[in-house]
Amino acid sequence: MTDSSVSTKTTTVRELGAPGPIILLGAPGAGKGTQAMTIAARYGIPQVSTGDILRINVARGTELGKKADPIMKQGGLVSDDLMLPMVQERLKQPDCRRGYILDGFPRTVGQAQWLEKFLETATFGGVRMGPVVISIEVSYNQLLQRLTGRRSCPVDGKIYNVYFQPPQNNEHCDICGSQLVQRKDDKEEVISERLKSYERMTLPLVDYYGKQGRLRRLNGERPVDEVTAETLAIVEGAAAA
Ligand code: AP5
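In this report, we go over the structure that sits alongside the text. These numbers were taken from a predicted model, which means no experiment stands behind them.

Next up on the list: unusual backbone geometry. Following Phe105, the chain continues into Pro106 via a peptide bond in cis, with omega recorded as -5°. Mapped onto the fold, Pro106 is located in the loop between strand E3 (99-103) and helix H6 (109-120). Here the phi dihedral of Glu171 falls at roughly 65°; this positive angle occurs in a residue that is not glycine. Mapped onto the secondary structure, Glu171 falls in the loop between strand E6 (159-161) and helix H8 (188-202).

Put into structure tokens, the structure is as follows:
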């Protein structure tokens, strides 16, 4: 006779305790940040956005920020010797013990290989877990419109879009009322460089994780709630695997 309160299914590990590492892949503007915020809140784990960490460093004028700023302004990728120690330090924080959403990392095959090594010695809720990798796919024209229309709240980080998710009160945050801001790299000439960097450096990761059997692709061109529902279903499904 089995005790019905004790399940041996792997699902319970993630559902009850530790979702583990979740990687959101996707072009600039695909909706990684939008989805990461919701999933992070759903599981009570941190959203680790390398872009956000870099922007904070730029705003504070740290050494890292000074080096990253000109590269970000041109739409290029910040070098691994700056990125990897920064990511390592973040992933070792106590709030990462049950898992995290990686938003914007890895972005190159080299970064993915580094992460693989890092995860060999990491546990989540006492269990070793490989990443769930979700590729959010959106067409080029839609990406352009999303990036040029993006605004965000400098206080709580909520993301809006003047075309698709406009704030209720023109250019002010629905939650705290702050004036919304546009990212410096959301200018058309920088956007085109970011999209090129993505194609050249990051798109190969779709193949990389596909070959490992880890990749789940989803159509990111649907309403935000639909994309969220599918993302959550993938995470829950992957937990059962
Ligand atoms: P980063 O901040 O990571 O920018 P990114 O990858 O270019 O991605 P975005 O933040 O622009 O887009 P997103 O996919 O999060 O979309 P969002 O949810 O906001 O990186 C910035 C820079 O930092 C890089 O260029 C690089 O220089 C450097 N960097 C960062 N990580 C690095 C790394 N690992 N290695 C080296 N360098 C690194 O959505 C976009 C808009 O669309 C919003 O307005 C949103 O409201 C809207 N939207 C979202 N979903 C939907 C939907 N379903 N329907 C309609 N609109 C939607």
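Leu25, Leu91, Tyr100, Leu102, Leu115 and Tyr209 are the most contacted members of the largest nonpolar core, which totals 25 residues. Looking at this core, the elements that each hand over two or more residues are strand E1 (20-25), helix H5 (80-91), E3, H6 and helix H9 (204-211). Those residues in contact with Leu115 that sit more than four places away from it in its chain are Ile23, Leu91, Leu102, Phe105, Pro106 and Tyr209.

One pass over the structure, following the stated rule, counts 14 salt bridges. Close ionic contact of Arg183 with Asp185 constitutes a salt bridge, the shortest N to O distance being 3.0 Å. Across the salt bridge formed by Glu230 and Arg222, the nearest N and O atoms sit 2.5 Å from each other. Judged by its relative accessible area of 25%, Arg222 falls in the partly exposed class. Via salt bridges that share partners, Arg150, Arg183, Asp185, Asp186 and Arg194 belong to a single interconnected network.

Reading guide: rules and limits
Residues numbered from 1 in each chain as written. Predicted model: local features only at pLDDT ≥ 70, side-chain atom pairs only at ≥ 80, totals over all residues. Heavy atoms only, no water. Helix = DSSP H or I, 4+ residues; strand = E, 2+ residues; numbered from the N terminus. Core = buried A, V, L, I, M, F, W, Y, C linked by side-chain atoms within 4.5 Å. Buried < 20%, exposed > 50% of the residue type's maximum accessible area, 1.4 Å probe, protein only. Contact = heavy atoms within 4.5 Å. Salt bridge = Lys/Arg side-chain N within 4 Å of Asp/Glu carboxyl O.

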